[in-house]
Amino acid sequence: QKEVEQNSGPLSVPEGAIASLNCTYSDRGSQSFFWYRQYSGKSPELIMFIYSNGDKEDGRFTAQLNKASQYVSLLIRDSQPSDSATYLCAVDGSARQLTFGSGTQLTVLP
Amino acid sequence: GAVVSQHPSWVICKSGTSVKIECRSLDFQATTMFWYRQFPKQSLMLMATSNEGSKATYEQGVEKDKFLINHASLTLSTLTVTSAHPEDSSFYICSAYEQYFGPGTRLTVT
């Protein structure tokens, strides 16, 4: 049984700060890792994916993967109130099926 | 970019009736689509994998006779909730690949 764990939060950061979101996974054979943002009442939208150990940057977002520690994180720089949402970590299994974490609720305070 | 639509966006039905939810890929073809369910304050749980031209694959604990999935074409998958009960009230989301999620269908069974 694959497990994906996230700190449910809520996590509050002031506007302009860096928000750090963390995720651990149980299946050491997992290869692909995804971060989604979900606004209340909406479906998830993909922010980033990462396959290789290390960092991957896309604008204000940086995903970090450490397969040895089975750990993946998402950093949001210069956080904005519009970033307030629930962030879901997901791990890709066989046949492209995703296992989602429970999500971390982020609030960016103006 | 690729778009996945769902219809209806919300539906209210009486206990014991059946409800059909459509998921369409609007500008691409998808041999596989995924159906998720999300209860309030919880994460997405994969229900089943819909395969064009073949039977759907259901996750453990999901009743295949209650949640009927038909992938009639490369652009359409349907989920029918049969004999719906109040505990089936949830947010149902389909996706194609990891990045294309439908907007979701909110089902309320009274």
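The coordinates are above.
Notes on the structure follow. (Residues numbered from 1 in each chain as written. Chains lettered and ligands numbered in written order. Predicted model: local features only at pLDDT ≥ 70, side-chain atom pairs only at ≥ 80, totals over all residues. Heavy atoms only, no water.)

Observations regarding the sheet that holds strand β8 (residues 76-81) of chain B
Residue and element names in this part refer to chain B. Put simply, the rule reads: Two strands pair under a simple rule: DSSP has to find at least two bridges between them. Think of it this way: any DSSP run of H or I at least four residues long counts as a helix, any run of E at least two long counts as a strand, and we number them from the N terminus. Under this scheme, a helix contributes an axis fitted over its contacting stretch, all axes are lines through C-alpha atoms, and angles between N-to-C directions fall in the 0 to 180 degree range.
In spatial order, the strands read β1-β3-β8-β7; together these 4 strands make up an open sheet with antiparallel pairing. Each edge of the open sheet carries a strand with a single partner, namely β1 (4-7) and β7 (67-73). In this sheet, adjacent strand axes meet at a mean angle of 15 degrees when their direction is disregarded. Looking at chain direction, strand β3 (residues 19-25) and β8 are connected through 6 bridges and run antiparallel. Note on β8: the bridge partner recorded for E22 is T78.

Digging into the side chain of T104 of chain A
Residue and element names in this part refer to chain A. Here is the rule: The buried label goes to any residue with under 20% of its type's maximum accessible area, the exposed label to any with over 50%, and the partly exposed label to all in between, with areas taken from a 1.4 Å probe on protein chains only. We call two N or O atoms a polar contact when they sit within 3.5 Å, provided that within protein one can donate a hydrogen and the other can accept it, with sequence-adjacent residues counted only if both atoms are side-chain atoms. Throughout, a residue-residue contact means that at least one pair of heavy atoms, one from each residue, lies within 4.5 Å.
Position of T104 relative to the elements: it lies in strand β11 (residues 104-109). The exposure class of T104 is buried, given its relative accessible area of 5%. One polar contact links the side chain of T104 to the main-chain carbonyl oxygen of N7, over a distance of 2.3 Å. Every residue in contact with T104, bar those within four places of it in the chain, is listed here: Q6, N7, S8, G9, L11, L21, A85, T86 and Y87.

Concerning the interface of chain A and chain B
To keep things clear, this is the line we draw: The buried area of a pairing is the accessible area, by a 1.4 Å probe, that goes missing from both parts when the two are put together, added over both. Any carboxyl oxygen of Asp or Glu that lies within 4 Å of a side-chain nitrogen of Lys or Arg is treated as forming a salt bridge with it.
Across the boundary between the two partners, chain A contributes 17 residues, which contact 18 residues of chain B. Together chain A and chain B conceal approximately 1,400 Å² of surface at their shared face, both sides included; 54% is due to carbon and sulfur atoms. Summed over the shared surface of chain A and chain B, the result is 0 salt bridges. Put simply, chain A and chain B have 5 residue pairs in polar contact (both at pLDDT 80 or more) between them.

Considering the state of the cysteines
Heads up, the condition is: Note on terminology: disulfide denotes any pair of cysteine sulfur atoms within 2.5 Å.
For the structure shown, the criterion picks out 2 disulfides over all chains. Two residues, C23 of chain A and C89 of chain A, share a disulfide whose sulfurs are 2.1 Å apart. Judged by the torsion about the S-S bond (-70 degrees), the C23 of chain A/C89 of chain A disulfide is left-handed. Here the residue C23 of chain A occupies a position in strand β3 (residues 19-25), and C89 of chain A occupies one in strand β9 (residues 85-92), the gap between them amounting to 66 residues. The exposure class of C23 of chain A is buried, given its relative accessible area of 1%. In this model, C23 of chain B is linked to C94 of chain B through a disulfide, with the two sulfur atoms separated by 2.0 Å. In this structure, the disulfide formed by C23 of chain B and C94 of chain B twists by about 85 degrees around the S-S bond and is classed as right-handed. Residue C23 of chain B is found in strand β3, and its partner C94 of chain B is found in strand β9 (residues 90-96); the two are separated by 71 residues along the sequence. For the pair C23 of chain B and C94 of chain B, one class covers both residues: buried.

Some remarks on the pattern of salt bridges
Residue and element names in this part refer to chain A. On inspection of all chains with the given rule, the structure shows 6 salt bridges over all chains. Between E45 and R37 there is a salt bridge; the shortest N-O distance is 3.3 Å. Residue classification places E45 among the partly exposed residues on the basis of a relative accessible area of 33%. R77 serves as the salt-bridge partner of E57, at 3.4 Å between the closest nitrogen and oxygen. Linking E57 in strand β6 (residues 54-58) with R77 in the loop between β8 (71-76) and β9, this pair joins segments that are 20 residues apart in sequence.

Shape is all these values report; function is a separate question.
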